[in-house]
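What follows is each chain in one-letter form.
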Amino acid sequence: MRPNGTAIRAIRTAQNMSLRAMQTATGLNRGYLSRLERGLIREPDDEPVLKVASALNVPPDAITHKETT
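Report on the accompanying structure. All of these numbers come straight from a predicted model, not from anything done at the bench.

### Here's the deal with the pattern of salt bridges
Then, number 1: Per the counting criterion, the structure on display carries three salt bridges.
Then, number 2: When the shortest N-O distance is used, the salt bridge between Glu 37 and Arg 9 registers 3.0 Å. Separated by 28 residues along the polypeptide, Glu 37 in helix α3 (residues 30-37) and Arg 9 in helix α1 (residues 5-14) bring together distant segments of the chain.
Then, number 3: Judged by its relative accessible area of 35%, Arg 9 is partly exposed.
Then, number 4: Linking Glu 37 and Arg 12 is a salt bridge whose minimum nitrogen-to-oxygen distance equals 2.6 Å. Linking Glu 37 in helix α3 with Arg 12 in helix α1, this pair joins segments that are 25 residues apart in sequence.

### Details of the nonpolar core
Then, number 1: Among the nonpolar cores identified, the biggest contains 16 residues, and Ile 8, Met 22, Leu 33, Leu 36, Val 52, Leu 56 and Ile 63 are the most heavily contacted of them.
Then, number 2: For this core, the secondary structure elements donating two or more residues are α1, α2 (19-26), α3 and α4 (46-56).
Then, number 3: Sorting elements by how many residues they give to this core places α4 first, with five residues.
Then, number 4: Not counting residues up to four positions away in its chain, the partners in contact with Ile 63 are Arg 2, Pro 3, Asn 4, Ala 7, Ile 8, Ile 11, Val 49, Val 52, Ala 53, Leu 56 and Val 58.

### Side note on the packing of α2 against α3
Then, number 1: Contact geometry of α2 with α3 gives a least axis separation of 9 Å together with a crossing angle of 110°. The angle between α2 and α3 falls in the class roughly perpendicular. For the element pair α2 and α3, the recorded crossing hand is right-handed. Where α2 approaches α3, its residues Leu 19, Arg 20, Met 22, Gln 23 and Thr 26 are matched on the opposing element by Arg 30, Leu 33, Ser 34 and Glu 37.
Then, number 2: A per-class count over the contact of α2 with α3 returns three nonpolar, three polar and three charged.

Parameters and conventions
- Residues numbered from 1 in each chain as written.
- Predicted model: local features only at pLDDT ≥ 70, side-chain atom pairs only at ≥ 80, totals over all residues.
- Heavy atoms only, no water.
- Salt bridge = Lys/Arg side-chain N within 4 Å of Asp/Glu carboxyl O.
- Helix = DSSP H or I, 4+ residues; strand = E, 2+ residues; numbered from the N terminus.
- Buried < 20%, exposed > 50% of the residue type's maximum accessible area, 1.4 Å probe, protein only.
- Core = buried A, V, L, I, M, F, W, Y, C linked by side-chain atoms within 4.5 Å.
- Contact = heavy atoms within 4.5 Å.
- Axes fitted to C-alpha atoms, helices over the stretch in contact; angles between N-to-C directions.
- Parallel < 35°, antiparallel > 145°, perpendicular 65-115°, else oblique.
- Left-handed = near helix turned anticlockwise from the far one by under 90°.
- Nonpolar A, V, L, I, M, F, W, Y, C, P; charged D, E, K, R; others polar.

Here it is as structure tokens:
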């Protein structure tokens, strides 16, 4: 799963959720979440992406790039 940082940030801010709140909801480090949103982590494990989707109450497809084969 390749995360779409722009989509993650847009959904998070639309829900008025801070990075600190996302950190609490996911258990992931705030710096890690920030790097994920900025696209600096291109190939994360699936688990953190699923945690972010769950915290945002969206399906994983909403925050990932379409896989091209």
